[in-house]
Every structure is written in structure tokens, then in C-alpha cells.
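# Tertiary structure, described
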Amino acid sequence: MDVGELLNYQPDRGAKRPREEESDEDPRSRQKPHLGRDSGRHMEVEDTENNTGTERKKVLEKLSDTDEDQEEILVLFTDQGEPLDESSVKKMILTFEKRSYKNQELRIKFPDNPEKFMETELDLNDIIQEMHVIATMPDLYHLLVELNAVQSLLGLLSHENTDILFSKFVDLLQELTDIDTLHESEEGAEVLIDALLEGQVVALLVQNMERLDEQVKEEADGVYNTLAITENMAEFRPGLCTEAAQQGLMQWLLKRIKAKMPFDANKLYCSEILAILLQNNDSNRELLGELDGIDVLLQQLSVFKRHNPSTAEEQEMMENLFDALCSCLMLAANRDRFLKGEGLQLMNLMLREKKMSRTSALKVLDHSMIGPEGSDNCHKFVDILGLRTIFPLFMKTPKKMRKAGVSDKEHEEHVCSIITSMLRNLKAQQRSRLLSKFTENDCEKVDRLMELHFKYLESVQLADKRIEGEKHDMVRRGEIIDDAMEDEFYLRRLDAGLFVLQLVCYIMVEISNAGIPQLQQRVHQILNLRGGSVKVVRHIMREYAENLGDGKSDEFRESEQKRIMELLENF
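This write-up is about the structure you can find in this document. Predicted model only: the values in this text are computed from it and were never measured.

Another point: unusual backbone geometry. Even without glycine at this site, E342 takes up a positive phi of about 60 degrees. For E342, the location among the structural elements is in the loop between α18 (332-340) and α19 (343-353). Although it is not a glycine, D442 adopts a positive phi angle of roughly 60 degrees. By the secondary structure assignment, D442 is in helix α25 (residues 428-476).

This is the structure:
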């Protein structure tokens, strides 16, 4: 049995997300093949748990060739239930440094004679295995930095022996950066992450993923664990997402996602990392656009136009790609790329095909049209006969969407938001075509609009009643209702349906000011019949105008507030 295996008693933490094709046995814990070591280093040893201390010492003497090795192993192996101390870790790191240097020296001296350096390679492999125990003590991570072990470990990324050393190093780094471990010692974690970033760890990892062949299972596992390392670091320090993307990770992810390979766990993980990189990060959104990433996303999603994902994992990947696309569309420049890449046509077809992709396609349309930057997309959507697609969804929430886990509120919010964006952005002929939809079939769409108004008004009034009761109790107890508490109450009202109610009221006010008497008369007629109030609508719209601004420019906010007030004067 190999020395490294005897010492590697710590349970393997494994990858952040389990690879679906892995069996119950962790491949990293499987016995390593014997590659021509001295027979004395491969003696079979019975279970040592029942051995006495003397017998254990004899076994170790047989396993080690030198007195120095024996002393190191005894330090590590004795009292194996006890955590290692600082001096033990220092010895381990220094042993690693010595073996790494010796291996490099022999490789340079005998580049064409593997027999000369194979022994040192296996020694190096063993000490890397032993170093996994350091992942259980994040408070000692500073030793890795102080003793320069981080730079030496990063040097292994360019090691010629990918079979042994690269995969072992990636396993080690994945354990060292495990997010739960990092949070056990914030100080130690910060020191390690700083040293890794200083050593351009992401760029080195990307370069090595380029040379790996994913047809080989061990190398595919290496890619997966490499992605886990980047996810761990991004979760611990979100600010490094920009740096990681610029060091080649974004380009590699796009290349891997569009590669003509069967769907697997690595492709799923790539889609997840891509979505993480794009979250609240305009720099990465811009970079993706410059790398033609919008086209890559549209091409990959086009597969689901007429076909549903075949597995739950493939469905998760599809949702990740849709999320990435929505995030990209927050940037104005990417909306133009989306338009030129015929993204609107693809989303429109998905809505008509009634597959699983329909829900997310609706969300993408919403993101592509919102705000003044969505004007071109709004006009194009009308030109490709998108009104024929969106209004049936406005009239009724499809049952399939409910079965897919999408609530009526979420569906109605996206549809109303799309119609609101079109009313705000459309001009001339396209605007007339939109307004004429509300007059069709005896103004049935106005009737549906008013139905939604009273539905969400009732829901919000119930929430307001509960909140007022809570405020009364707080005042009675002498508690102060500060701005943070007011914001929390406002968010609760939004969750209850206030935002959808605001969108519905916006549409009511817009069509009433469209110069079509029939529409204004119908809105007021239904309000009066059902005991509604113009004052309530005006109050809702004023509150909406006051809270405009998150993510918007001051110029847009002021012009929109002015526009809403003008509409309310004539409502």
C-alpha cells in the first residue's frame, strides 16, 4: 500500500456539486496504480487500527526508505485522530518544497529519461496527497503563503505530468477553497485567496483546462474541479468575478458551452459559472457582448425552441443560459446585439411553440424591451407580429406554465411589463397597432385589464391592512419605525402584487390618454360598476413615480415622472 494512501485519512470533501456520472465511490480515493516503485514501498499492510504502537512503528519502518522519511511519517501518523499542529504543517510544506525542487532538477537534467525522475514524481504525488489534511485547518493557511508553497503549487499547473500532478493539485486546491472551510477562518482564507490571485491562478487554471482532454474521465474530473475552485473563490469574494473573466475564463466558458459535445455535468457547470460571472457585473456583460456571447447563448437556446430538455440537468442548464441572457440584456449595447442576432424572433417562436422554454422566453422579452434602451426591440417585436403572441398570454395564464411551477403573478407581471414598455416606447404606426388591440372584440382586453386591477388591488389592500396593524403594535411598544423598516414594508407590498398593480394602472392611464374615447369610457365604466375609484388609481401611480429610480439615470427618472403626472391630469 502507498504511503500517501495510509496518511490520507481525512475524508474527501468532494466537488461543490457532485458529478452525475460518479459512482458512490469517490474516484479520488481509489488506489493509485503502482508505477515501478521499489517493492519495499508497496508492502501490503493489514488493518492497522488494531495494531499496537510498536507494530505500527514496524510497519512504518518497512514503508520508509530513509530515517528522514520515517521521522516525518511518524509525526503525521501518530495519534492520527488528533489535529496536526503548526510545526507538523511546516514540516509537511518544507517536505513538499524539497520534493518539488528535486523533481524539477531531475526533469531538467534528464528530460529524455523518465526513469531518472519517476521516483521523485511519485514522492511529490504522495506529499500532495498528505497536504489534503491542511484543508481541515484554514487558520494555518498563512503558512502556505509564508513558506511560498502557494507559488510552488501553482507551478505544478504547468507540470508535464497531467495524469498525476495536475489532477492531484486541482483536488487539493478545490478542498483548500471549499466555501465552508473558507468561512471557518476568514483571516486565513483572505491570505490564501490574495496569494492565489497574485499568482494569476485563474489564468493558469484556464490555460490548463485548454490542454485537458475531456474524453478521458480523469481529465474531465479535473475540469469539473477546476470550475469548482473558481466558484468557491467567486462565492467567497464576489469582486474577483471581473478579474477572473478578464483572465480568460469568460472566453473559455463560451467556447466550452458551444463545443459540439454531448451534454454532460461539465457543460451544466459552465452554464452555472457563466450566470454567476454576469450577476450585477456590467464589465462582464460588456465583455461577453464583445466576445459574441449573445450569439452563443441564442444558438444554444435555439435547441429548445421545438424540443423540451430531456433531463432535469439539461433543464437546469437551459435556465442558467436564459438567466445569463437576461443579465446581459441589462446592458444597452447587448440589446442591440440581441436585436441583430434575431433574438426577438427566437423568443417569439418559443412563445408560440408552447414548450418548457416559453416561460423563460417571456422573461427575456421583458428584459429586452424595458426602458428607453428597449425602444428598437419594441418596434421590431410589433413588426414580426409579436402582438399576436403576447395578447393571448395576457388574456389567460396557460395551464402549462402553472404546471412548470410559474405562478400566475409572475406570468402576469412579465406580460404587463412588456405591454407597458411598448406603450412607453412605440411611436406612429406601431403604437396605433398596439392600441387597436384593446378595441378588438368589444374591448375584451380592457375588461381583462380591469379584472387584473381589482384582483391585485384586493391583494395589496389586505397586505396594507396587515402592515398597518404591525406598525400600530410597534408604536404601542415604543419601537421606532426607521427607513430600513419602511423599506422592508414596501418590499412586502411589492411581493403582495403592488408592482403588477402599478403596471396595470399604468396601462389603464396610457390607453385612457390615447385619444380613443371608447377605451377611456370602458375603463371608467368598469371602475364605477365595481366600486373602484379614480383617486385610488392616481394614488398608486404617484407612489410608482416616487419610487422610480433604481438603476435608472436621473434624466430618465425625471422625464418619466413628468410624463406620468401629465397622464394623470387627463385620466
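Evaluation of the coordinates by the stated rule reveals four aromatic pairs. Between the aromatic rings of Y506 and Y544, the centroid separation amounts to 6.3 Å while the plane-to-plane angle is 80 degrees, which identifies the pairing as edge-to-face. Taken as a pair, Y506 in helix α26 (residues 483-512) and Y544 in helix α28 (residues 534-546) lie far apart in primary sequence, 38 residues in all. The pair formed by Y506 and Y544 is uniform in burial state, with each residue classed as buried. Members of the aromatic cluster, connected to one another through ring pairs, are F391, F394 and F438. Here the guanidinium or amino end of K116 rests over the ring plane of F110, the centre of that ring lying 5.3 Å away. The ring centre of Y506 lies 4.9 Å from the NZ or CZ of R424, which sits over that ring.

A separate point is the nonpolar core. In terms of nonpolar packing, the biggest core is built from 151 residues, with I134, L144, L274, L325, M347, M422 and I511 touching the most fellow members. Setting aside its immediate chain neighbours within four residues, L325 contacts I294, L297, L298, L301, F338, M347 and V364.

Moving on to the side chain of E560. Relative to the assigned elements, E560 resides in helix α29 (residues 554-569). On the basis of relative accessibility, which here comes to 4%, the residue E560 falls in the buried class. With residues up to four places along the chain from it excluded, the contact list for E560 reads R424, Y506 and L548.

Structurally, T242 is set in helix α13 (residues 241-258). For T242, the residues in contact, after removing those within four places along its chain, are N281, S283 and N284. Here N281 takes part through its side chain, which lies 2.8 Å from a polar atom of the side chain of T242.

With that settled, consider helix α16 (residues 293-301). Burial of α16 is extensive: seven of the nine residues sit out of reach of the surface. Listing the buried residues of α16 in full gives G293, I294, V296, L297, L298, Q300 and L301.

A side chain of one charge can pair with a side chain of the opposite charge when the charged atoms of the two come close. For the structure shown, the criterion picks out 29 salt bridges. For R306, the salt bridge identified is with E353, shortest N-O distance 3.5 Å. Within this pair, whereas R306 is found in the loop between α16 and α17 (312-328), its partner E353 is found in helix α19, the two being separated by 47 residues in sequence. Where K340 meets D336, a salt bridge forms, and the shortest distance between an N and an O atom there is 3.1 Å. Remark: D336 and K340 occur in helix α18; sequence separation between them is four residues, near one turn of the helix. The class of K340 is exposed, set by a relative accessible area of 66%. Each of E412, R448, E451 and K455 takes part in one network of salt bridges that share partners.

Rules behind the numbers
Residues numbered from 1 in each chain as written. Predicted model: local features only at pLDDT ≥ 70, side-chain atom pairs only at ≥ 80, totals over all residues. Heavy atoms only, no water. Helix = DSSP H or I, 4+ residues; strand = E, 2+ residues; numbered from the N terminus. Phe/Tyr/Trp six-rings, centres within 6.5 Å; stacked < 30°, edge-to-face > 60°. Buried < 20%, exposed > 50% of the residue type's maximum accessible area, 1.4 Å probe, protein only. Lys NZ or Arg CZ within 6 Å of the ring centre and 35° of its normal. Core = buried A, V, L, I, M, F, W, Y, C linked by side-chain atoms within 4.5 Å. Contact = heavy atoms within 4.5 Å. Polar contact = N/O pair within 3.5 Å; in protein donor to acceptor, adjacent residues only side chain to side chain. Salt bridge = Lys/Arg side-chain N within 4 Å of Asp/Glu carboxyl O.

Function cannot be read off these values alone, since they describe shape.
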